[in-house]
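# Coordinate analysis (summary)
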2 protein chains.
Amino acid sequence: MSISSRFAVGIHILTLLEVNKDEVNSSEFIAASVNTNPVVIRKIMGMLKKAGLVKVRPGVAGAELADKLDEITLLDVYKAVDAVPENELFSVHGSPNPQCSVGRNIQSAVLPIFAGAQSAMEKALAHVTIQDIVRSITEQENKN
Amino acid sequence: MSISSRFAVGIHILTLLEVNKDEVNSSEFIAASVNTNPVVIRKIMGMLKKAGLVKVRPGVAGAELADKLDEITLLDVYKAVDAVPENELFSVHGSPNPQCSVGRNIQSAVLPIFAGAQSAMEKALAHVTIQDIVRSITEQENKN
DNA sequence: TTACATGTAATATAATAAGTTACAGGTGGG
DNA sequence: CCCACCTGTAACTTATTATATTACATGTAA
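Notes on the structure follow. (Residues numbered from 1 in each chain as written. Chains lettered and ligands numbered in written order. Predicted model: local features only at pLDDT ≥ 70, side-chain atom pairs only at ≥ 80, totals over all residues. Heavy atoms only, no water.)

### Quick look at the protein's contact with DNA strand C
Note the following rule: Any residue with a heavy atom positioned within 4 Å of a molecule or strand is treated as near that molecule or strand. Nitrogen and oxygen atoms within 3.5 Å of one another constitute a polar contact, given that in protein one can donate a hydrogen and the other can accept it, and given that sequence-neighbouring residues count only through two side-chain atoms. Secondary structure is summarised from DSSP: a helix means a run of H or I of at least four residues, a strand means a run of E of at least two, and numbering begins at the N terminus for each. Each residue gets one of three labels, nonpolar for Ala, Val, Leu, Ile, Met, Phe, Trp, Tyr, Cys and Pro, charged for Asp, Glu, Lys and Arg, and polar for the others, Gly among them.
Taken together, 25 residues form the shell around DNA strand C, and within it S27 and R42 of chain A together with S4, S5 and T36 of chain B come nearest. What you see for DNA strand C is that sugar and phosphate hold 59% of its atoms within 4 Å of the protein. In this structure, R42 of chain A approaches DNA strand C through a side-chain N or O atom, which is 3.0 Å from a base nitrogen. S5 of chain B places a side-chain nitrogen or oxygen 2.8 Å from a phosphate oxygen of DNA strand C. Taken together, the elements giving at least two residues each to the surface near DNA strand C come down to α3 (38–50) and β2 (60–65) of chain A together with α3 (38–50) of chain B. Split by residue class, the surface near DNA strand C holds nine nonpolar, nine polar and seven charged.

Shown next as structure tokens:
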């Protein structure tokens with residue numbers, strides 16, 4: 001399968017908080033932009049909050065970014081929303097036969113390679129910030 | 001979620017075909033090493049065959065590698081078994097609100113970045129061959 | 001205190017992967 | 001030539017998970 005859409009939604013939320021920073025961003029408003037249920041937004045917002053990326057308070061409408069735009073990388077978001085559960089992008093078959101030389105060593109042979117590949121992907125995400133996304137979106141807008 | 005274990009199993013199969021090349025590698029034998037059902041092996045084997053990585057014939061027991069060890073990269077296997085369905089590692093929420101400037105541009109902002117991150121991961125896989133895996137496994141064996 | 005927000009538990013609903021059964025079709029030794 | 005045994009594949013079960021939804025507890029401020 002693929003990486004949870006929570007990641008894309010998390011990026012959407014943070015971008016929206018910036019673009020729409022002069023208004024009150026309630027979970028219902030955000031949900032309308034993402035096109036999903038407000039509870040989904042609140043759950044993701046809770047994860048972003050726990051990671052220190054947004055400021056939200058119980059009972060009071062609206063959320064805002066906790067950091068500067070260019071200090072929030074997509075990797076931060078990715079980790080915040082637990083985009084890859086248990087931090088393992090690749091799954092490995094659980095119990096290969098220990099009586100076979102391949103079976104008893106395949107995991108230790110393959111795990112470091114998988115970790116390296118995952119790491120390469122995550123490094124790419126670390127090079128992009130929410131500011132880049134905001135810029136990309138405003139540029140698109142200005143074309144029309 | 002994570003990338004299908006078909007990928008790890010595919011690597012396991014190809015490695016086993018090499019390590020065990022002097023014997024007959026029936027789907028049942030391979031399944032015993034992987035610890036799964038023979039039908040699962042035959043299905044994956046079918047994908048590897050279609051990609052030109054293994055030679056198998058209907059009715060006749062045993063399979064063998066179609067290419068040299070060092071000419072089969074993990075990226076080849078990854079693609080062969082369709083490890084990432086529809087070639088999209090990251091999922092994006094489907095229908096954001098077109099009446100919102102963020103909603104109508106988030107996809108085009110995010111897709112190239114996701115593609116780049118996925119590509120970085122796949123490039124890492126392209127640098128490793130089945131030979132590397134075989135070597136890693138025999139080295140592990142010799143330690144004991 | 002009331003209207004309305006967030007936080008969160010509990011529960012559908014849906015999609016998907018892996019395992020399994022069953023059987024069609026191919027192959028070659030006896 | 002036929003029989004034992006393999007691969008190929010369709011159909012189905014089972015388990016797991018993501019997302020959406022309902023319901024409600026809790027917090028806030030006018």
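Once the structure has been displayed, the description carries forward.
### A few points about the packing of aromatic side chains
The line we're drawing: Working definition: a ring pair exists when centres of Phe, Tyr or Trp rings (six-membered ring for Trp) sit within 6.5 Å. Plane angles under 30 degrees give stacked, over 60 give edge-to-face, the rest tilted. Each residue gets one of three labels from its accessible area relative to the maximum for its type: buried under 20%, exposed over 50%, partly exposed in between, using a 1.4 Å probe on protein chains only.
In total, this model carries eight aromatic pairs over all chains according to the counting rule given. Centre to centre, the rings of F114 of chain A and F7 of chain B are 5.3 Å apart; their planes meet at 25°, and the pair counts as stacked. Remark: F7 of chain B occurs in helix α1 (residues 6–19) and F114 of chain A occurs in helix α5 (residues 106–126); the pair is interchain, linking two chains. Both residues of the pair, F114 of chain A and F7 of chain B, belong to the buried class. Measuring from ring centre to ring centre gives 5.6 Å for F7 of chain B and Y78 of chain B, while their planes differ by 80°; the resulting arrangement is edge-to-face. On the criterion of sequence distance, the pair formed by F7 of chain B in helix α1 and Y78 of chain B in helix α4 (residues 74–80) is long-range, its members being 71 residues apart. On the accessibility criterion, Y78 of chain B (3% relative accessible area) is buried. Among the aromatic side chains, those forming a connected cluster through ring pairs are F7 and Y78 of chain A together with F90 and F114 of chain B.

### Here we look at the packing of helix α6 (residues 130–143) of chain A against helix α5 (residues 106–126) of chain B
Test applied: To define axes, lines are fitted to C-alpha atoms, for helices over the stretch in contact only, and angles between the resulting N-to-C directions are given on a 0 to 180 degree scale. Small angles under 35 degrees read as roughly parallel and large ones over 145 as roughly antiparallel, with 65 to 115 read as roughly perpendicular and the rest as oblique. Each crossing gets its hand from how the near helix is turned against the far one by less than a right angle, where anticlockwise is left-handed and clockwise is right-handed. Note on definitions: a residue-residue contact is assigned when non-hydrogen atoms from the two residues lie within 4.5 Å.
Across the interface, α6 of chain A lies against α5 of chain B with an axial gap of 9 Å and an inter-helix angle of 130°. Here α6 of chain A lies oblique to α5 of chain B, going by the angle between them. With respect to the hand of their crossing, α6 of chain A and α5 of chain B are arranged in right-handed fashion. Contacts between α6 of chain A and α5 of chain B pair I133, S136, I137 and Q140 of chain A from the former with I106, S108, A109, V110 and I113 of chain B from the latter.

### Quick word on α3 of chain A
Residue and element names in this part refer to chain A. Which entries qualify depends on this criterion: Helix span, as expected, comes to 1.5 Å for every residue beyond the first.
Here α3 spans 18 Å end to end across 13 residues, near enough to the 18 Å set by a 1.5 Å rise per residue. Looking at the buried residues of α3, the elements they touch are α1 (6–19), α2 (27–34), β1 (54–57), β2 and α4 (74–80). Looking at the residues trailing α3, positive phi occurs at G52, about 80°.

### Describing the pairing of β1 of chain A
Residue and element names in this part refer to chain A. Our working rule: Here, a strand pair is defined by DSSP locating no fewer than two bridges between the strands.
Examined bridge by bridge, β1 and β2 share three bridges and lie antiparallel to one another. Residue K55 lies in a different strand from β2, and its bridge partner there is E64. Counted between consecutive antiparallel strands, the loop separating β1 from β2 contains two residues, among which G59 sits at a positive phi close to 85°.

### Looking at unusual backbone geometry
All names here are of chain A. Even without a glycine there, the phi angle at N35 is positive, about 70°. Within the element layout of this structure, N35 appears in the loop between α2 and α3. Positioned with a positive phi, N87 is a non-glycine residue whose angle comes to about 60°. Along the chain, N87 turns up in the loop between α4 and α5.

### Section: the interface of chain B and chain A
To keep it simple, the criterion reads: A simple way to read buried area is as the amount of 1.4 Å-probe accessible surface that goes missing from two parts once joined, with both sides added. We define a salt bridge as a contact between a side-chain nitrogen of Lys or Arg and a carboxyl oxygen of Asp or Glu at a distance within 4 Å.
Each partner contributes to the interface: chain B provides 52 residues, whereas chain A provides 52 residues. Here chain B meets chain A over a buried area of about 4,400 Å², counting both sides, of which 68% is carbon and sulfur. For chain B, the biggest contributors to the area lost against chain A are M1, H93 and V102 of chain B; these three give 14% of the whole. Notably, a salt bridge pairs R104 of chain A with E141 of chain B, separated by 2.8 Å at the nearest N-O pair. If you look at where chain B meets chain A, you find 18 residue pairs in polar contact (both at pLDDT 80 or more). Contributing elements (two or more residues each) for the side of chain B that touches chain A: α1, α2 (27–34), α5 and α6 (130–143) of chain B. At twelve residues, α5 of chain B tops the list of elements feeding residues into the side of chain B that touches chain A. Counted by class, the side of chain B that touches chain A contains 31 nonpolar, 18 polar and three charged residues.

None of this, on its own, says anything about what the molecule does.
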